[in-house]
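The chain contents come next:
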Amino acid sequence: MTDPRGRRAVRFDLGRRLRVLAGVNEGVLDQVPLERTRYVGLGGVILGTAVIAGVSMWFALGQVVGRVHPGMILLALGWMLVVLNLDRWLVSTVTGMWQRRIMMLFPRLLVAVVLGSIVAEPLVLRVFETAVVQHVADGREAARSAERALLTRCNPMTGAPSGSGCENAGLLVSSAAADEAEISDLEKDAARLQKRVDDAHGEYRRLKDQANAECVGKKITGVTSGRRGVGPLCRRLEAAARSARSLSDLDGNTEKLRELRDRISTLRAPLAAKRGDLGRRIQAAIDERLAAMPAGNAPVGILERMRALHEIASENTYLFAASWLFRLFLVLIDCLPVLVKLMGGTTTYDRMVEHANRMRERVHEKRVQFEADAQVGELELDAYARAEERRKRRQLVELDGQAADAEARARREELMNRRAEELNRQSKSGTRVNGSRPDVGMTGAFR
């Protein structure tokens, strides 16, 4: 069996670690042991908000990257430690009496609300992930369908694009467009020429029929005479028919019409193949353009999720209310450390910490004052020592000057004595040579 005291030691160690998260001074708390439970709970609240922040960062990174990556663990743990340290700072700075708490309430709550909003959004997106991802997929498919319809309409195989909005939707220039334009012009020319040929041929047939009727004796009122044979009227009508055929250039126009139709047939022969190749190229270009757009099952980024959630919530009142209630719930959870500290009131531990802080502040002031006085005393002693040193130096200089003067006087007297002795010797030596006494006046002068 496990030693009960050992279990208590384990629980104590766990509680101590949780109280560390609340920024508790164990030395002060040991004097009020009944309040340990309060601060163990506060440390647990701080740890819980930090864990929620780490989970939120995990979900946010997964939504940004689009898949699970081992490096996300380090980033999530780092963010959890940041939030843990910030909440610990918020709680440890809300101390003192209630007046000071009220003054510190609003900035701390503002920081907690901002932090809670940042933490809440990834979790909200995760909760409503199914609806958000489906909405994004539907939007992508709708965008791809609209883009395909626009590209198909703006890139016809024949003719010009229909409708507006095709300024940036052109993909290919049709190689058959020139042939189609030429065929259209030739068909128009052929239609006009066909009309002239038909009109000229009709006039020629009318005059020819009249000439034949006159020649065979068929009576046409106002036109033929009804007499059989090639007479003047018959010849005149035949000449008129030939003249009309010649003037209308019926034979030349018929030949031109045949050439136009041959040209049209020549151009139409490869046109079907060109259209088929153009259709394949246009389809390939459309597929390439659509491939650049995200598919419905592609990973959904966090900005797309946020926009999709906003669109869904704006269309669904129930979802709008549910998403905001969940956000407020998460923000409230992140504000819990500060709120718990504030709602707990002023405890004995808080009063003791406040008193200890004041006493430490006074001790610090006394220590600073003592050190300042000591420094002033040291400065005064230094100044006195320097003054005494200068005075001694002046005395030494004066003594050195006096000694130098005495030495100079002694030196001068010694020189004078030596000179006097030398003069005396000279005087004595002169007396022995001349047999006379030395000059008394000169001797007195040396004296």
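Conventions used here
- Residues numbered from 1 in each chain as written.
- Predicted model: local features only at pLDDT ≥ 70, side-chain atom pairs only at ≥ 80, totals over all residues.
- Heavy atoms only, no water.
- Helix = DSSP H or I, 4+ residues; strand = E, 2+ residues; numbered from the N terminus.
- Buried < 20%, exposed > 50% of the residue type's maximum accessible area, 1.4 Å probe, protein only.
- Contact = heavy atoms within 4.5 Å.
- Areas by Shrake-Rupley, 256 points an atom, 1.4 Å probe, with all protein chains shown as cover.
- Axes fitted to C-alpha atoms, helices over the stretch in contact; angles between N-to-C directions.
- Parallel < 35°, antiparallel > 145°, perpendicular 65-115°, else oblique.
- Left-handed = near helix turned anticlockwise from the far one by under 90°.
- Nonpolar A, V, L, I, M, F, W, Y, C, P; charged D, E, K, R; others polar.
- Phe/Tyr/Trp six-rings, centres within 6.5 Å; stacked < 30°, edge-to-face > 60°.
- Lys NZ or Arg CZ within 6 Å of the ring centre and 35° of its normal.
- Core = buried A, V, L, I, M, F, W, Y, C linked by side-chain atoms within 4.5 Å.
- Salt bridge = Lys/Arg side-chain N within 4 Å of Asp/Glu carboxyl O.
- Expected span 1.5 Å × (residues − 1).
- pLDDT = per-residue confidence, 0-100.
- Polar contact = N/O pair within 3.5 Å; in protein donor to acceptor, adjacent residues only side chain to side chain.

Enquirer: Help me out: how do you make sense of the overall build of the chain in this one?
Expert: Counting its secondary structure elements, the chain contains 14 helices and zero strands. In sequence order, the secondary structure elements of the chain are arranged as α-α-α-α-α-α-α-α-α-α-α-α-α-α. With 447 residues in all, the chain has 27% of them scored as buried. Once local pairs closer than 6 in sequence are excluded, the contacts in the chain between residues at least 24 apart make up 71%. Accessible surface for the chain amounts to roughly 29400 Å². Of this, 59% is attributable to carbon and sulfur atoms.

Enquirer: Is there a simple way to explain the packing of helix α3 (residues 36–65) against helix α12 (residues 317–343) in this structure?
Expert: In a packed pair of helices, the relevant descriptors are the angle between the two axes and the axis-to-axis distance. One way to put it is that α3 packs onto α12 with a least axis distance of 8 Å and a crossing angle of 160 degrees. By the angle class used here, α3 and α12 are roughly antiparallel. Between α3 and α12 the crossing geometry is left-handed. For the pair α3 and α12, the contacting residues are Tyr39, Leu42, Val45, Ile46, Thr49 and Ile52 in the first and Ile333, Asp334, Leu336, Pro337, Val340 and Lys341 in the second. Partitioning the contact of α3 with α12 into residue classes produces nine nonpolar, one polar and two charged.

Enquirer: What am I meant to see in the packing of aromatic side chains here?
Expert: Each pair of aromatic rings is reported with the distance of its centres and the angle of its planes. In total, this model carries one aromatic pair according to the counting rule given. One Lys or Arg, Arg327, reaches over the ring of Trp324 and ends 4.7 Å from the middle of that ring.

Enquirer: Would you mind going over the nonpolar core with me for this structure?
Expert: Side chains of nonpolar character tend, in soluble globular proteins, to be buried together. Val124, Phe128, Val132, Val136, Leu309, Leu330 and Cys335 are the most contacted members of the largest nonpolar core, which has 17 residues in total. Among the secondary structure elements, those contributing two or more residues to this core are α5 (98–127), α6 (129–154), α11 (302–315) and α12. In this structure, Val124 is in contact with Leu309, Ser323, Phe326, Arg327 and Leu330, ignoring residues within four places of it in sequence.

Enquirer: What is the right way to look at the pattern of salt bridges in this model?
Expert: Opposite charge on two side chains allows them to pair when their charged atoms are near. All chains considered together, the criterion is met by 17 salt bridges. Glu389 is the salt-bridge partner of Arg393, the closest N and O atoms lying 3.4 Å from each other. Within this pair, Arg393 and its partner Glu389 are both found in helix α13 (residues 348–434), separated by four residues, close to a single helical turn. The class of Arg393 is exposed, set by a relative accessible area of 52%. On the basis of relative accessible area, Glu389 is assigned to the partly exposed category, the value being 38%. In this structure, the salt-bridge partner of Glu414 is Arg411, at a minimum N-O distance of 3.8 Å.

Enquirer: Just checking my understanding: could you explain α3 for this structure?
Expert: Because each turn of an α-helix spans 3.6 residues, side chains separated by three or four positions end up pointing in the same direction. Here α3 contains 30 residues, and its C-alpha end-to-end distance of 43 Å stays within 8% of the 44 Å for a straight helix at 1.5 Å per residue. Count one or two residues on from α3 and you reach Gly66, which has phi positive near 90 degrees.

Enquirer: What am I meant to see in the packing of α11 against α12 here?
Expert: Contact geometry of α11 with α12 gives a least axis separation of 5 Å together with a crossing angle of 125 degrees. Accordingly, the angle class assigned to the pair α11 and α12 is oblique. Facing α11, whose interface residues are Leu309, Ile312, Ala313 and Glu315, α12 presents Thr317, Leu319, Phe320 and Arg327.

Enquirer: Please clarify how the confidence of the model for the chain should be interpreted in this entry.
Expert: When pLDDT drops low, the exact placement of atoms in the prediction is not to be read closely. Mean pLDDT over the chain works out to 76, with 81% of the residues at or above the 70 mark. Across the chain, element-level confidence peaks in α3 with a mean pLDDT of 85 and bottoms out in helix α14 (residues 440–446) with 40. Every residue in residues 1–12 is under pLDDT 50, and counting partners more than four places away or in other chains gives three contacts. Every residue in residues 436–447 is under pLDDT 50, and counting partners more than four places away or in other chains gives six contacts.

Enquirer: Quick question: what am I supposed to make of α6 here?
Expert: For α6, spanning 26 residues, the distance from its first C-alpha to its last is 37 Å, which sits close to the expected 38 Å at 1.5 Å a residue. All of the buried residues along α6 are Val132, Val136, Ala137, Arg140, Leu151 and Cys154.

Enquirer: I would appreciate a short explanation of the side chain of Arg305 in the present structure.
Expert: Tracing the sequence through the fold places Arg305 in helix α11. Beyond its immediate stretch of four places on either side in the chain, Arg305 contacts Gln63, Leu125, Glu129, Val132, Val133 and Val300.

Enquirer: I would appreciate a short explanation of the side chain of Arg140 in the present structure.
Expert: Mapped onto the elements of the fold, Arg140 is located in helix α6. You can call Arg140 buried: its relative accessible area is 6%. Polar contacts involving the side chain of Arg140 include one to the side chain of Glu304, which spans 2.7 Å. Beyond its immediate chain neighbours, meaning those up to four positions away, Arg140 contacts Pro294, Ala295, Gly296, Ala298, Pro299, Val300 and Glu304.

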